[in-house]
Amino acid sequence: MSKSKLAIHGGAPVRAHYLPYGKQVIDEMDIQSVVEVLQSDFITSGPAIEQFEADIARFTGAKYAVAFSSGTAALHGACHAAGIGEGDEVITTPMTFAASANCVLYQGGKPVFVDIDPLTYNLDPKLVKENITEKTKAIIPVHFTGQPAQLDEIITIARENNLVVIEDAAHALGAKYKNKRIGSISDMTMFSFHPVKHITTGEGGMITTNKEELYKKLLQFRTHGITREQKLLRENHGPWYYEMQFLGFNYRITDIQASLGISQLKKIGSFIEKRKQLAELYTKELGSIEEIILPHQLSDVDSSWHLYILKLQLSQLTAGRKEIFQALQKENIGVNVHYIPVYFHPYYESLGFQKGICPIAESCYKEFITLPLYAGMDHRDVMDVVEAVKKVITYYSNK
Ligand SMILES: *Cc1c(COP(=O)(O)O)cnc(C)c1O
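Residues numbered from 1 in each chain as written. Predicted model: local features only at pLDDT ≥ 70, side-chain atom pairs only at ≥ 80, totals over all residues. Heavy atoms only, no water.

Asks: Could you clarify how one ought to interpret the UniProt feature "active site" (unreviewed entry) in the protein in this entry?
Replies: Sequence positions flagged by UniProt for "active site" (unreviewed entry) are, in local numbering, Lys197. One can find lysine 197 in the loop between strand 8 (188-192) and strand 9 (205-209). When near neighbours in sequence (up to four residues on either side) are disregarded, lysine 197 contacts Ala170, His171, Ser192, Arg275 and His306. (UniProt positions renumbered as here; feature names shortened; annotations may be inferred. Helix = DSSP H or I, 4+ residues; strand = E, 2+ residues; numbered from the N terminus. Contact = heavy atoms within 4.5 Å.)

Asks: Help me understand the UniProt feature "modified residue: N6-(pyridoxal phosphate)lysine" (unreviewed entry) in the protein, please; the structure alone is not making it clear to me.
Replies: Under the UniProt annotation, "modified residue: N6-(pyridoxal phosphate)lysine" (unreviewed entry) lies at Lys197. Reaching out from lysine 197, the side chain makes a polar contact with the side chain of serine 192 at a distance of 3.4 Å. (Polar contact = N/O pair within 3.5 Å; in protein donor to acceptor, adjacent residues only side chain to side chain.)

Asks: Explain helix 13 (residues 379-396) to me, please; I cannot follow it from the model alone.
Replies: Because each turn of an α-helix spans 3.6 residues, side chains separated by three or four positions end up pointing in the same direction. Over its 18 residues, helix 13 extends 26 Å from the first C-alpha to the last, a length consistent with the 26 Å expected when each residue adds 1.5 Å. Of all the residues in helix 13, the buried ones are Asp381, Val382, Asp384, Val385, Val386, Ala388, Val389, Lys391, Val392, Ile393 and Tyr396. (Expected span 1.5 Å × (residues − 1). Buried < 20%, exposed > 50% of the residue type's maximum accessible area, 1.4 Å probe, protein only.)

Asks: I tried to follow the packing of helix 10 (residues 321-330) against helix 13 on my own but got confused; where do I start?
Replies: Each pair of packed helices can be summarised by the angle the axes make with each other and by the distance between the axes. Running from N to C, helix 10 and helix 13 point in directions that differ by 140°, and their axes come no closer than 10 Å. It follows from the interaxial angle that helix 10 and helix 13 lie oblique. The interaxial crossing formed by helix 10 with helix 13 has right-handed handedness. Where helix 10 approaches helix 13, its residues Glu323, Ile324, Ala327 and Leu328 are matched on the opposing element by Ala388, Val389, Val392, Ile393 and Tyr396. (Axes fitted to C-alpha atoms, helices over the stretch in contact; angles between N-to-C directions. Parallel < 35°, antiparallel > 145°, perpendicular 65-115°, else oblique. Left-handed = near helix turned anticlockwise from the far one by under 90°.)

Asks: Could you clarify how one ought to interpret the domain arrangement of the protein in this entry?
Replies: By a widespread convention, an interface's size corresponds to the accessible area lost as its parts come together. Here the domain parsing of the protein yields domain 1 (28-265) and domain 2 (268-396). Centre-to-centre, using C-alpha coordinates, domain 1 lies 26 Å away from domain 2. At the junction of the two partners, domain 1 supplies 38 residues and domain 2 supplies 35 residues. For the domain 1 and domain 2 pair, buried surface summed over both sides reaches about 3,200 Å², with 67% attributable to carbon and sulfur atoms. Among the residues of domain 1 in contact with domain 2, Phe113, Tyr121 and His198 are the three that bury the most area, contributing 19% of the side total. At the junction of domain 1 with domain 2, the criterion picks out 0 salt bridges. Remark: the boundary between domain 1 and domain 2 carries 18 residue pairs in polar contact (both at pLDDT 80 or more). Of all the elements in the fold, those that place two or more residues in the side of domain 1 that touches domain 2 are helix 4 (99-106), strand 3 (110-113), strand 6 (176-177) and helix 8 (255-265). Residue contributions to the side of domain 1 that touches domain 2 peak at 3 residues, all from helix 4. Partitioned by chemical class, the residues of the side of domain 1 that touches domain 2 number 23 nonpolar, 11 polar and 4 charged. (Domains from an automatic or database assignment. Buried area = accessible area lost by both parts, 1.4 Å probe. Salt bridge = Lys/Arg side-chain N within 4 Å of Asp/Glu carboxyl O. Nonpolar A, V, L, I, M, F, W, Y, C, P; charged D, E, K, R; others polar.)

Asks: Which parts of the structure should I look at to understand the sheet that holds strand 8?
Replies: Strand pairing in a sheet relies on backbone hydrogen bonds. The paired strands run either parallel or antiparallel. Spatially, 7 strands are ordered 1-9-8-5-4-2-3 in an open sheet, and the strand pairing comes out mixed. Each having just a single partner strand, strand 1 (64-68) and strand 3 make up the two edges of the open sheet. On average, adjacent strands in this sheet sit at an angle of 25° to one another, irrespective of strand direction. (Pairing = 2+ DSSP bridges.)

Asks: Quick question: what am I supposed to make of the site of the ligand here?
Replies: Near the ligand there are 17 residues, and of these Gly71, Thr72, Asp168, Ser192 and Lys197 occur at the shortest range. Contacts to the ligand include threonine 72, whose side-chain N or O atom sits 2.5 Å from an oxygen atom. Within the side chain of serine 192, one N or O atom sits 2.7 Å away from an oxygen atom of the ligand. If the ligand stood free it would expose 380 Å²; the protein chains cover 93% of that surface. Looking at the shell around the ligand, the elements with two or more residues in it are helix 3 (71-81), helix 4 and strand 8. (Near = heavy atom within 4 Å. Areas by Shrake-Rupley, 256 points an atom, 1.4 Å probe, with all protein chains shown as cover.)

Asks: Would you mind showing me how to read the nonpolar core here?
Replies: The nonpolar side chains of a soluble globular protein tend to be buried with one another. If you look at the biggest cluster of nonpolar residues, it comprises 43 residues, and the most contacted ones within it are Phe52, Ile56, Ile139, Leu173, Ile182, Ile199 and Met206. Of all the secondary structure elements, the ones that give two or more residues to this core are helix 2 (47-60), strand 1, helix 6 (151-161), helix 8 and helix 9 (268-286). The greatest single-element share of this core, amounting to 6 residues, is contributed by helix 2. When residues of this core are assigned to domains, at least three fall in each of domain 1 (28-265) and domain 2 (268-396). Non-local contacts of phenylalanine 52, meaning those with residues more than four positions away in its chain, are made with Phe193, Ile199, Thr201, Met206, Ala258, Gly261 and Ile262. With 35 residues, the next largest nonpolar core counts Leu317, Ile369, Val385 and Val389 among its residues. (Core = buried A, V, L, I, M, F, W, Y, C linked by side-chain atoms within 4.5 Å.)

The following block contains the structure:
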């Protein structure tokens, strides 16, 4: 390929219009199902929520599902249900969105960041084991980019140490671990329905679980800590009576959102298939570029392809990630970076976390670039991204 003039240097951009890294796909059927709820008797706490929960439970193979107002609220609920409290340690990865660790802080617990596997970028089970103390209460693996973490190893460690496993599956709706859908495997699994995720409700989240006890705690936590269940009441003054038994939150999703979720979930199969095809096209088209490393997939998992991340081989490039990122943006390619290691954030620094604790995640952070990937993209969009990547990498290659 010739060294055509980069857009950042005044050349013509590869694309005339900006391609975002992710966005929702909403069709007429989605719109209709929201309109139907708006015209019905319930716009919140009605039948659409239970339907959405039942649909997610069926899809994931879990016994129970509890919808929340966001994935973050769902993680908070899971930490409460897991009994995480003051001083408890919870192991998670720094290569994630802050919410995966913030939920531990909400409960007064302490996130313990453990480094990632350099191939899959998921939590390294060996390091999880080494970081367990008598204060450890739970593990929160994140299925980074949609590729499931090594759950068998993590669940075995959890069993041996009496820990709760809460999967952050915000990237992994529809992903499979050893032919089993994510959501039915460990104690609790969180899904997010933010617009960049596989299906959307605007804002929204879900916890799936197979344990009735956790299910009941999650329901109560979502509604102020209130219950109306006869068996659980300490007193009963009459048919109006309910009790607030612990300090919960209003973390309910609305029926308006749930109806969108129900409609979106009907298309999950085609959404995932599309993401998979686009990812395969990236892999085929970018495979020959020596200056970048493509996502490595383990053979016993089936990714749901939330993100497609390139790892730059900085030793073969004359520029850093920042220049390459900016150059791709100028070509109208909406690249992104996932993620700033959680403990780099000033708030975490103020809690005493220091740089250097997870060297692999930190070096990945310097090298990662996320390419656009969502079900609404087509072959042509991928080829534009490929062209831009080739153009920019060729320019900055030191060969
Ligand atoms: C999106 C996301 C969340 C939070 O979900 P929200 O629905 O936006 O609150 C948590 N963890 C990860 C890894 C995410 O990508």
